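Here are the chains, one letter per residue:
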Amino acid sequence: MKRTTTYGNKNNSKKKYIWFGASVVVILVAAIAVFMYLKQNNLNNQTGVPTPTEVVEEEKVEPNDTKPIEENNPPSNTPADETDKTDINDQEQQQEEQPTSNNGYIEGQPLPTEPTVIEGVLLANKKYPLPSTFAPGESKEARKAFEQMAADARIAGFELVAFSTYRSFEYQDTLYNNYVSRDGQENADRYSARPGYSEHQTGLAFDIGEKGKEDLWLTEEFGETEAGKWLVVNANKYGFILRYPQGKEAITGYMYESWHFRYLGVDLATKVKQANVTLEEYLGIQ
Ligand SMILES: [Zn+2]
């Protein structure tokens, strides 16, 4: 019995093992299936497997995101360009509003075809240039007046020299550009005229110094010498005026030039001197 029982038990045990094994397999398979299902669901939820739709949406979104950027970039460039243009416009407007800001010159102003004469006075300054072809040579009338003045100055004890009078357009061009090379344009514009703008081209301007004191030619110090002072007091009697007095640079366009005299004729020179004004102020063209 015991053996049978044992045997029967053995048979029963085998069956139990088989059922148990099968159950385990079934459970495992089910568990794996559930696990796989859940895993699949998880993945789907994470990636949003309605994938086809969302991928398409993403593909749609990407171009949509890119386009605004591409559209934004050009606009963001455009304002920058517009800003630059605005700056240039401002600069142009400033130049238009302040035509004399360029060292007294009007930038881009072409030289005229005819010289400017106001109240019988032939003009040559930074506002009223001369034609490049205007070449009258030294004024004989002015030369004669200077010689008379020099003769009287000699009696007073000074030997006056007119070391620079008529200068052609071409010569002024060379002279001015040499000064620009040496001192820069901004400085050169204070004491040397650009070609076409020089009063020396009229043949009526005389740069005067004293013989034996050449080191003072073209210097302010000449104005402090006896000869320089004598000229300021007496030049009008011969038809000359000190053309670029001290403190009048804003009006004449030039720094004080103790040596530069302009022939106007005795009558006008005396009127300008007595009015104690510059030629520009006297003519009302400052
Ligand atoms: Zn001069």
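Before reading on, note that the structure itself is shown above.
Just so you know, these numbers come straight off a predicted model, no measurement behind them.

### Considering the environment of Val 277
Within the secondary structure, Val 277 sits in the loop between α8 (266-275) and α9 (279-283). Separated by 32 residues in the primary sequence, Val 277 and Pro 245 have C-alpha atoms spaced 9.0 Å apart. Sequence-distant contacts of Val 277, that is, excluding residues within four places in its chain, are made with Val 272 and Tyr 282.

### Quick notes on the pairing of strand β5 (residues 240-244)
By the criterion of burial, β5 is predominantly enclosed, with four of the five residues buried. Bridge analysis of β5 against strand β6 (residues 257-263) gives four bridges, and the strand direction is antiparallel. Directly across from Ile 241, in β6, lies its bridge partner Arg 262.

### Focus on the packing of aromatic side chains
The final tally for this structure, using the stated rule, is nine aromatic pairs. Taking 5.5 Å as the distance between ring centres and 65° as the angle between the ring planes, the aromatic pair formed by Phe 206 and Phe 240 counts as edge-to-face. Of this pair, Phe 206 sits in strand β4 (residues 205-210) while Phe 240 is found in strand β5, placing the two residues 34 residues apart along the sequence. Phe 240 shares its class with Phe 206; the two are buried. What links up through ring pairs into an aromatic cluster is the set Phe 146, Phe 206, Phe 240 and Tyr 263. Above the ring of Tyr 254, the side-chain terminus of Lys 126 is found at 4.6 Å from the ring centroid. Over the face of the ring belonging to Tyr 105 we find Arg 194, whose NZ or CZ atom lies 4.0 Å from the ring centre.

### Things to note about the coordination of the zinc ion
For the zinc ion, the full set of protein donor atoms is His 200 (NE2), Asp 207 (OD), Asp 207 (OD) and His 260 (ND1), at a range of 2.0 to 2.8 Å. Taken together, the four donor atoms coordinating the zinc ion and their angles of 51 to 154° define a geometry best described as irregular. Counting the intervening residues between successive donors of the zinc ion yields the motif H-x6-D-x52-H. Here the two residues His 200 and Asp 207 agree in accessibility, since each one is buried.

### Some points on the layout of surface pockets
Roughly 370 Å³ of volume is contained in the largest pocket. As for the largest pocket, its lining consists of 24 residues, of which Tyr 179, Tyr 191, Leu 218, Glu 257 and Trp 259 are closest to the centre. Those elements that place two or more of their residues in the lining of the largest pocket are β3 (160-164), α4 (169-183) and β6. If one sorts the elements of the lining of the largest pocket by residue count, α4 sits on top with five residues. The residue inventory of the lining of the largest pocket, partitioned by class, reads eleven nonpolar, seven polar and six charged.

### Focus on helix α3 (residues 140-156)
Taking 1.5 Å of rise per residue, the 17 residues of α3 would be expected to cover 24 Å, and the 24 Å separating its terminal C-alpha atoms lies within 8% of that figure. Every buried residue belonging to α3 is among Ala 142, Ala 145, Phe 146, Met 149, Ala 150 and Ala 153, and all of these are buried. For α3, the buried positions fall inside an angular range of 140° around the axis, keeping them on one side. More than 90 degrees from the buried face of α3, the exposed residues found are Lys 140, Glu 141, Lys 144 and Ile 155. Residues of α3 that are buried make contact with β3, β4, α6 (226-234), β5 and β6. Capping the start of α3, Ser 139 holds a side-chain oxygen 3.4 Å from the backbone nitrogen of Glu 141, two or three residues further along. Phi turns positive, to about 110°, at Gly 157, one or two residues after α3.

Basis of the calculations
Residues numbered from 1 in each chain as written. Predicted model: local features only at pLDDT ≥ 70, side-chain atom pairs only at ≥ 80, totals over all residues. Heavy atoms only, no water. Helix = DSSP H or I, 4+ residues; strand = E, 2+ residues; numbered from the N terminus. Contact = heavy atoms within 4.5 Å. Buried < 20%, exposed > 50% of the residue type's maximum accessible area, 1.4 Å probe, protein only. Pairing = 2+ DSSP bridges. Phe/Tyr/Trp six-rings, centres within 6.5 Å; stacked < 30°, edge-to-face > 60°. Lys NZ or Arg CZ within 6 Å of the ring centre and 35° of its normal. Donors = N, O, S within 2.8 Å, 3.2 Å for Na, K, Ca; no water. Tetrahedral: all angles 85-135°; square planar, octahedral: opposite > 155°, others 65-115°. 1 Å grid on protein atoms, 1.4 Å probe; cavity = no way out; pocket = protein on both sides within 12 Å on 5 of 7 lines; lining within 4 Å. Points joined across faces, edges and corners; volume = space filled by probe spheres on them. Nonpolar A, V, L, I, M, F, W, Y, C, P; charged D, E, K, R; others polar. Expected span 1.5 Å × (residues − 1). Arc of directions from axis to C-beta. Polar contact = N/O pair within 3.5 Å; in protein donor to acceptor, adjacent residues only side chain to side chain.

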